[in-house]
Amino acid sequence: MSRSLKKGPFIAFKLEKKILAMNESGKKSVVKTWARASMISPDMVGHTIAVHNGKEFVAMTIRPEMIGHYLGE
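Reading the values: the criteria
- Residues numbered from 1 in each chain as written.
- Predicted model: local features only at pLDDT ≥ 70, side-chain atom pairs only at ≥ 80, totals over all residues.
- Heavy atoms only, no water.
- 1 Å grid on protein atoms, 1.4 Å probe; cavity = no way out; pocket = protein on both sides within 12 Å on 5 of 7 lines; lining within 4 Å.
- Points joined across faces, edges and corners; volume = space filled by probe spheres on them.
- Nonpolar A, V, L, I, M, F, W, Y, C, P; charged D, E, K, R; others polar.
- Helix = DSSP H or I, 4+ residues; strand = E, 2+ residues; numbered from the N terminus.
- Expected span 1.5 Å × (residues − 1).
- Contact = heavy atoms within 4.5 Å.
- Phe/Tyr/Trp six-rings, centres within 6.5 Å; stacked < 30°, edge-to-face > 60°.
- Buried < 20%, exposed > 50% of the residue type's maximum accessible area, 1.4 Å probe, protein only.
- Pairing = 2+ DSSP bridges.
- Core = buried A, V, L, I, M, F, W, Y, C linked by side-chain atoms within 4.5 Å.

Visitor: An account of empty space enclosed by the protein is needed here, citing residue identities and associated values.
Guide: For the coordinates displayed, the defined rule picks out one cavity of 30 Å³ or more. Estimated volume of the largest cavity: approximately 30 Å³. Together, I11, E16, I19, L20, S41, D43 and M44 line the largest cavity. Residues that form the lining of the largest cavity fall into these classes: four nonpolar, one polar and two charged.

Visitor: Any details on helix α1 (residues 13-25)? Residues and values, ideally.
Guide: Over its 13 residues, α1 extends 18 Å from the first C-alpha to the last, a length consistent with the 18 Å expected when each residue adds 1.5 Å. The inward-facing, buried residues of α1 abut β1 (31-33) and β2 (48-52).

Visitor: I'd like to hear about the packing of aromatic side chains, residue by residue, with values.
Guide: For the structure shown, the criterion picks out one aromatic pair. Arranged with centres 5.0 Å apart and planes meeting at 75°, the rings of W34 and F57 form a pair that is edge-to-face. Linking W34 in the loop between β1 and β2 with F57 in strand β3 (residues 57-61), this pair joins segments that are 23 residues apart in sequence. Since its relative accessible area comes to 60%, W34 is described here as exposed.

Visitor: Mind laying out the pairing of β2, listing which residues take part and the relevant values?
Guide: Buried residues dominate β2, accounting for four of its five residues. In terms of strand pairing, β1 meets β2 through three bridges, oriented parallel. Among the inter-strand pairings, V31 is bridged to a residue of β2, identified as I49. Relative to β3, β2 is paired through five bridges, and the arrangement is antiparallel. Bridged to I49 within β3 is M60. In textbook terms, the turn of a hairpin is the stretch between consecutive antiparallel strands, and for β2 and β3 this stretch comprises four residues, one of which, G54, has a positive phi near 105°.

Visitor: If you had to explain the nonpolar core to someone new, which residues and values would you point to?
Guide: Here is a general trend for soluble globular proteins: nonpolar side chains tend to be buried in one another's company. Grouped together as the largest cluster of nonpolar side chains are 15 residues, with contacts concentrated most on L15, I19, I40, M44, I49, I62 and L71. Elements with a contribution of two residues or more to this core: α1 and β2. In terms of residues, this core owes the most to one element, α1, which gives three residues. Residues within four places of M44 in sequence aside, it is in contact with I11, L15, I19, M39, I49 and I62.

If you want it as structure tokens, here you go:
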């Protein structure tokens, strides 16, 4: 069952805040997160995000074809 269109996509607030701050400053660094349920937005393209899989952080670089998928996929 998918999320309601009225609610919009779920993106963790802290993760979105960090990505937007990095976009404004122009610097790129690895962002660690546990928010596997967050959806990948166009703002995240080009950033490296380390997602926790329960044991360790798995780093991945966000590409344009990943938009709309979840970080935990």
